[in-house]
Amino acid sequence: MSLLEVDGLTKQFGGLVAVDDFSLEVEPGEIVGLIGPNGSGKSTVFNCIMSIYDVTDGSIRFNGGDITDDATHEVVNKGLSRVSQESNPIDSMSVAGNIKLFTLPNSIVSLRGGASEREIYDYAARIGIEDDLQEMPDELPHADVRRLEIAKALATEPELLLLDEPFAGMNQAEITELAAQIERFREEGMTMVVVDHNMGGLMDLVDRVVVLNNGTKIAAGSPEEIAENEAVQKAYLAGEG
Ligand code: ADP
Ligand code: MG
């Protein structure tokens, strides 16, 4: 049984078909790359999986159960978490407070009991921001704000983590470090889908790549196959034009 099964997902905004009959299966332990030019529907797929958006058509199953019509907090409590492409920390709370928020009882995102200081430290340490715990988010460099967003997601103890543009705005050293951390999450037993608008960025990291263009899956295969795929190259050239 696949961990995640997206079947025939379609999402329309008025007359715009943002995602058209998209299917994706993710097996436990995989890191799957979801790439495509800007506007191709990648974030919309994540928003539908997380029930931020209602689907227009299709179904989403996680761990064998239908989650299509779940509320977002139910999806999170079942073990799915998403790091959005935009950071949204609460600037009046410390890094530690922002992480803790995601573990509090009755929080929109978690029904767990609220993490101890030790647990908060551990979430931060897993992504390398343990020295920033007492800082305020607006004092952090961009890469650390992005890592805070990942720590918030880790605090919900996901089995499947969806990462939307995790490398955007990072320099090469930061990208290399984050890729190594994502590899460690896999070793710890986490399954991941990683979105990137670039073709090159995540090819070394992922087992498999799925390519979206104008809401439609145009290719899927190994990173090597996708790098050589002419339809994918054409889509990217058109996207730049
Ligand atoms: P990507 O993440 O691949 O850049 P998106 O999923 O953000 O693409 O967007 C796909 C298409 O859906 C775009 O045309 C975008 O403008 C549109 N779209 C996304 N979210 C909304 C929304 N909430 N309302 C209207 N249109 C949207
Ligand atoms: Mg996006």
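Predicted model, so just to flag it, every value in this text is computed and none were measured.

A. Expanded view of the overall build of the chain. A count of helices and strands for the chain gives eight helices and 10 strands. Taking 241 residues into account, the globule formula puts the C-alpha radius of gyration at 18 Å, and the chain, at 17 Å, falls close to it. Its C-alpha atoms give the chain principal-axis dimensions of about 50 × 40 × 35 Å. The burial tally for the chain puts 50% of its 241 residues in the buried class.

B. View of the pairing of strand β8 (residues 191-196). Most of β8 is tucked away: six of the six residues are buried. The alternating pattern of β8 places Thr191, Val193 and Val195 and Met192, Val194 and Asp196 on opposite faces, both of which are buried. Pairing geometry for strand β7 (residues 160-164) and β8, over five bridges, is parallel. The residue bridging Leu163 from the neighbouring strand is Val194, located in β8. Once you follow β7 into helix α6 (residues 172-187) and on to β8, the crossover reads as right-handed.

C. Focus on the site of ligand 1. The environment of ligand 1 is formed by Phe13, Leu16, Ala18, Pro37, Asn38, Gly39, Ser40, Gly41, Lys42, Ser43, Thr44 and Tyr53. Between ligand 1 and Ser40, the relevant distance is 3.2 Å, taken from an oxygen atom to a main-chain nitrogen or oxygen of the residue. Contact distances for ligand 1 include 2.6 Å between an oxygen atom and a side-chain N or O atom of Thr44. In isolation ligand 1 offers 560 Å² of accessible surface; the protein chains occlude 63% of this area. Elements that contribute at least two residues to the shell around ligand 1 include exactly β2 (16-26) and α1 (42-49). Ranked by residue count, the leading element in the shell around ligand 1 is α1, at three residues. A class-by-class count of the residues in the shell around ligand 1 yields five nonpolar, six polar and one charged.

Thresholds applied
- The residue numbering used here restarts from 1 in each chain and proceeds along that chain's sequence as written.
- Written order determines the labels here, with chains lettered from A and ligands numbered from 1.
- The predicted origin of the model limits local features to residues at a pLDDT of at least 70 and limits the giving and counting of side-chain atom pairs to 80 or more, whereas totals for whole chains, interfaces and linings rest on all residues.
- Just so you know, side-chain values use all the structure's heavy atoms and leave hydrogens and water out.
- Secondary structure elements are taken from DSSP: a helix is a run of H or I of four residues or more, a strand is a run of E of two residues or more, and numbering for both begins at the N terminus.
- Values of the radius of gyration come from C-alpha atoms, whereas the globule rule sets the reference at 2.2 Å times the count of residues to the power 0.38.
- Note on classification: 1.4 Å probe, protein chains only; a residue is buried when its accessible area is under 20% of the maximum for its type, exposed when over 50%, partly exposed between these limits.
- Here, a strand pair is defined by DSSP locating no fewer than two bridges between the strands.
- A clockwise path from the first strand over the helix to the second, with the strands pointing away from the viewer, defines a right-handed crossover.
- Here, proximity means that at least one heavy atom of the residue falls within 4 Å of the molecule or strand.
- Any pair of nitrogen or oxygen atoms within 3.5 Å is treated as a polar contact; in protein, a donor-acceptor pairing is required on top of that, and neighbouring residues in sequence qualify only through side-chain atoms on both sides.
- Under the convention used here, a 1.4 Å probe and the Shrake-Rupley method define accessible areas, while residue burial counts only the protein chains that appear.
- Here the nonpolar group is Ala, Val, Leu, Ile, Met, Phe, Trp, Tyr, Cys and Pro; Asp, Glu, Lys and Arg are the charged ones; every other residue, Gly included, is treated as polar.

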